[in-house]
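# Coordinate inspection notes
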Amino acid sequence: MSLEKMEDLQLEGKYLQPETKEVNGILMTKLISDKWDQIWSFQAKPDDLLIATYAKAGTTWTQEIVDMIQHDGDELKCQRANTYDRHPFIEWTLPPPLKSGLDLANAMPSPRTLKTHLPVQLLPPSFWKENCKIIYVARNAKDCLVSYYHFSRMNKMVPDPGTWEEYIEAFKAGKVLWGSWYDHVQGWWDQKDKHRILYLFYEDMKEDPKREIRKILKFLEKEVTEEVLDKIVYHTSFQVMKHNPMANYTTLPSSIMDHSISPFMRKGMPGDWKNHFTVAQSEAFDKDYRKKMAGSTLTFRTEV
Ligand code: A3P
């Protein structure tokens, strides 16, 4: 499918600011919802690796790290295709003739690395049955919210976020695509010791990328030289990825993702929420947060 064709479909309004429809109480695009039976019965394979995140938690970053590990630090091999073609996004559904995540995944030879934003209860059961390895990345709520807000402004494939004030309320209520951040991070946290799940934090990755990449290497049972490890750290840094067209989503037509509204690689910094929330908004958010996360052993850092 050529980008021009995608643009035509976009202009025809085929997926411009899409309709939404819930799946078991979780907000999804209507396209995903209508294809849910097929998504739910997706057949995972034992050697699939799944990268699971709440939207805007550092998915693309983790995908690039994993790809670099799998290709022994060869950045040219990692530039073979766009992130979304290298790692099918299993539930993402587009109108035909565009390829959906399921089409891409089913056509991909093993071993596959796949991406999802599904909350844990909606993960196709074959991933559990096949005991697949899963890397889950979580990011603190306020930075996730800010990133998701700007992403929703620039990406015409997801619903319009409304005003900043409206968006804070929608996020708190879980009325955004893929549902509640609170339930998502907590749901995956609760499963992490029962399955082969490596649970990582965006803030830790930012603080010490080498340390976190070593955790991924161990989880994937891979070894690389110190030199290759340094290369992976460099190639997956925000500054380098920001200029990598195969990782920064700039190859999509601007009618789909408009980077002049807000670049996909926006700030890449923990604590940017302070530039967005007023003191009153932050206090109200924290009060609600404490209620929603009460009793949880899961804690986040909101700055590094
Ligand atoms: P910001 O909007 O805060 O800048 P996802 O890939 O899950 O959609 O997440 C996108 C967020 O991760 C964006 O956050 C983006 O800038 C950030 N990001 C992408 N690559 C990164 C990197 N190499 N280092 C740090 N942050 C990165």
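All of these numbers come straight from a predicted model, not from anything done at the bench. (Residues numbered from 1 in each chain as written. Predicted model: local features only at pLDDT ≥ 70, side-chain atom pairs only at ≥ 80, totals over all residues. Heavy atoms only, no water.)

Here, the residues flagged by UniProt with the feature "domain: Sulfotransferase" (unreviewed entry) are residues 46-296. Secondary structure over residues 46-296 splits into 44% helix and 8% strand, and the C-alpha atoms at its two ends are 31 Å apart. (UniProt positions renumbered as here; feature names shortened; annotations may be inferred. Helix = DSSP H or I, 4+ residues; strand = E, 2+ residues; numbered from the N terminus.)

All told, the structure shown has 26 salt bridges when counted by the stated rule. Of the charged contacts, one joins Glu-75 and Lys-231 as a salt bridge, the two residues approaching to 3.4 Å between their closest N and O atoms. With a gap of 156 residues between them, Glu-75 in helix α5 (residues 75-78) and Lys-231 in helix α14 (residues 226-235) connect regions that are remote in the sequence. A residue is classified by how much of its surface remains accessible, and Glu-75, at 28% relative accessible area, is partly exposed. (Salt bridge = Lys/Arg side-chain N within 4 Å of Asp/Glu carboxyl O. Buried < 20%, exposed > 50% of the residue type's maximum accessible area, 1.4 Å probe, protein only.)

What follows is about the pairing of strand β5 (residues 133-138). In terms of residue burial, β5 counts as a mostly covered element, since six of its six residues are buried. Taking every second residue as pointing to the same face, both faces of β5 are buried, with Lys-133, Ile-135 and Val-137 on one and Ile-134, Tyr-136 and Ala-138 on the other. Summarising the sheet, strand β3 (residues 49-53) and β5 pair through five bridges and their orientation is parallel. Bridging across to β5, Thr-53 finds its partner in Val-137. The pairing of β5 with strand β6 (residues 197-201) spans five bridges and is classified as parallel. Bridging across to β6, Ile-134 finds its partner in Ile-197. (Pairing = 2+ DSSP bridges.)

Turning our eyes to something else, we now look at α14. Within the sequence span of α14, burial applies to Val-228, Leu-229, Ile-232 and His-235. Buried residues of α14 fall within an arc of 135° about the axis and therefore sit on the same side. Exposed side chains of α14 directed beyond 90 degrees from the buried face belong to Glu-227 and Tyr-234. In this fold, the buried residues of α14 make contact with α4 (59-70), α5, α13 (209-219) and α15 (238-242). (Arc of directions from axis to C-beta. Contact = heavy atoms within 4.5 Å.)

Attention now goes to the packing of helix α10 (residues 164-172) against helix α16 (residues 279-292). Viewed as axis vectors pointing N to C, α10 and α16 meet at an angle of 10°, and their least axial separation amounts to 11 Å. As the angle between them shows, α10 and α16 are arranged roughly parallel. Contacts between α10 and α16 involve Trp-164, Glu-165, Ile-168, Phe-171 and Lys-172 on the former and, on the latter, Gln-281, Ala-284, Phe-285, Asp-288 and Lys-292. Taken together, the residues of the contact of α10 with α16 break down into five nonpolar, one polar and four charged. (Axes fitted to C-alpha atoms, helices over the stretch in contact; angles between N-to-C directions. Parallel < 35°, antiparallel > 145°, perpendicular 65-115°, else oblique. Nonpolar A, V, L, I, M, F, W, Y, C, P; charged D, E, K, R; others polar.)

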